[in-house]
Amino acid sequence: MPSTKARPGKRTMQGEFKVFRCHSAGVQAVAASSRHVFPRHWHEQFGVGVIRRGAQRSLSGRGLVEAAAGDIITVNPGEVHDGAPIGDAGRSWHMLYFDPSMILAVAADMDLPTEPEFQRPATTDPVAARLFDRLYLAMTSARHCEMEREEMLLGLMARIVGKGADPAAVSAAIRRARELIDDAPAEPLTLADLAEASGLGRFQLLRGFAKATGFTPHAYMVQRRIDLARRLIACGASLADAAMESGFADQAHMTRTFTRRYGLSPGAYAAATT
């Protein structure tokens, strides 16, 4: 798995750019603060970001666009555009760049056109901005698993691209996905694993699973893991062994989850039950 350690930021008289390796293949994260005026250029990837401070103006085939702090900004592969700050203070922004294959896979899951395109180069959408912030953190932090990142990406794309058709008659398929987690909660399953087992696309699976269980697949998996850890502790397993055997990254992760779910620490639970 790639490191999330930031590459050295590029500093100039006009600002700073930092590029981060992400935990999902095919994704690159950028944090920038700059007064730089970008000439016409393009990217090979799909880009989604949020303006953090200041404002900017850009011109592309989608017209002249202005984006202010808090706005979502997008760019399509091969889309020629420029960019300049509005005002002398410059602007700062975060971006995630996705290899086209990732967005094509998401589009297929969501029953979108085979050649998806971001239609709005800038939009004010606080919900989408929060979804982006969660995804950006998950992509650049080792504390999140691949299933979480997949869920967050699908949620963001549903918000900024379109939700596609609602799934129908998926109860049996959702049951198969649920049983896969129930049978092996400690396994590092992904949405792709669950989708293959259920015969659904990832987006259909995500929506159907949440509707059927009240949990996203990842949240359900975490609940099943903490249930397993609780049973192991009650049977006398050490906290370290319980964490490892139930699929948590480490004992600290199990402890945080256990305490949040049950209102007492695993140590206190062990003392009361063993």
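(A) Structural context of the side chain of T190. On the secondary structure map, T190 appears in the loop between helix 4 (171-183) and helix 5 (191-198). Once residues within four sequence positions are removed from consideration, T190 is found in contact with E146, M147 and E150.

(B) Region of interest: the nonpolar core. With 48 residues, the main nonpolar core has V48, L96, F98, F132, L135, M157 and L205 as its most contacted residues. In terms of residues, this core owes the most to one element, helix 3 (residues 146-160), which gives 8 residues. If we ignore the near neighbours within four places in the chain, the residues touching L96 are C22, V27, Q28, A29, F46, G47, V48, F132, L135, Y136 and M139. Among the nonpolar cores identified, the runner-up in size contains 12 residues, and A243, F248, F258 and Y269 belong to it.

(C) Here's a closer look at helix 1 (residues 100-109). Every buried residue of helix 1 is listed here: M102, I103, V106, A107 and D109. One side of helix 1 holds all its buried residues, which, seen down the axis, span an arc of 160°. Turned more than 90 degrees away from the buried face of helix 1, the exposed residues are S101 and A108. Among the structural elements, strand 3 (27-34), strand 5 (46-60), strand 9 (91-98), helix 3 and helix 6 (202-213) are those in contact with the buried residues of helix 1.

(D) Region of the structure containing the environment of T259. Tracing the backbone through its elements, the reader meets T259 in helix 9 (residues 251-262). The exposure class assigned to T259 is partly exposed, which follows from its relative accessible area of 33%. As for T259 and Y269, which are separated by 10 residues in sequence, their C-alpha atoms are 9.7 Å apart. Apart from the residues lying within four places of it in its own chain, the contact partners of T259 are L264, S265 and P266. One polar contact links the side chain of T259 to the main-chain carbonyl oxygen of T255, over a distance of 2.8 Å.

(E) Spatial organisation of the packing of aromatic side chains. A full pass over the atoms with the stated rule returns 6 aromatic pairs. Ring geometry for F132 and Y136: centres 5.8 Å apart, planes at 40°, overall tilted. You can see F132 and its partner Y136 sitting in helix 2 (residues 126-139), 4 residues apart, about one turn around the helix. Neither residue differs from the other here; F132 and Y136 are each classed as buried. Aromatic pair F215 and Y220: ring centres 6.4 Å apart, planes at 65°, arrangement edge-to-face. A network of ring pairs unites the aromatic residues F209, F215 and Y220 as a single cluster.

(F) Highlighting the pairing of strand 5. The sheet contact formed by strand 5 and strand 9 spans 8 bridges and is antiparallel. The residue bridging R53 from the neighbouring strand is S92, located in strand 9. Here strand 5 hands over to strand 6 (residues 63-68) after 2 residues, the two strands then running antiparallel side by side. Sheet analysis places strand 5 next to strand 8 (residues 81-85), joined by 3 bridges and oriented antiparallel. Residue pairing across strands places S60 opposite H81, the latter belonging to strand 8.

Rules used throughout
Residues numbered from 1 in each chain as written. Predicted model: local features only at pLDDT ≥ 70, side-chain atom pairs only at ≥ 80, totals over all residues. Heavy atoms only, no water. Helix = DSSP H or I, 4+ residues; strand = E, 2+ residues; numbered from the N terminus. Contact = heavy atoms within 4.5 Å. Core = buried A, V, L, I, M, F, W, Y, C linked by side-chain atoms within 4.5 Å. Buried < 20%, exposed > 50% of the residue type's maximum accessible area, 1.4 Å probe, protein only. Arc of directions from axis to C-beta. Polar contact = N/O pair within 3.5 Å; in protein donor to acceptor, adjacent residues only side chain to side chain. Phe/Tyr/Trp six-rings, centres within 6.5 Å; stacked < 30°, edge-to-face > 60°. Pairing = 2+ DSSP bridges.

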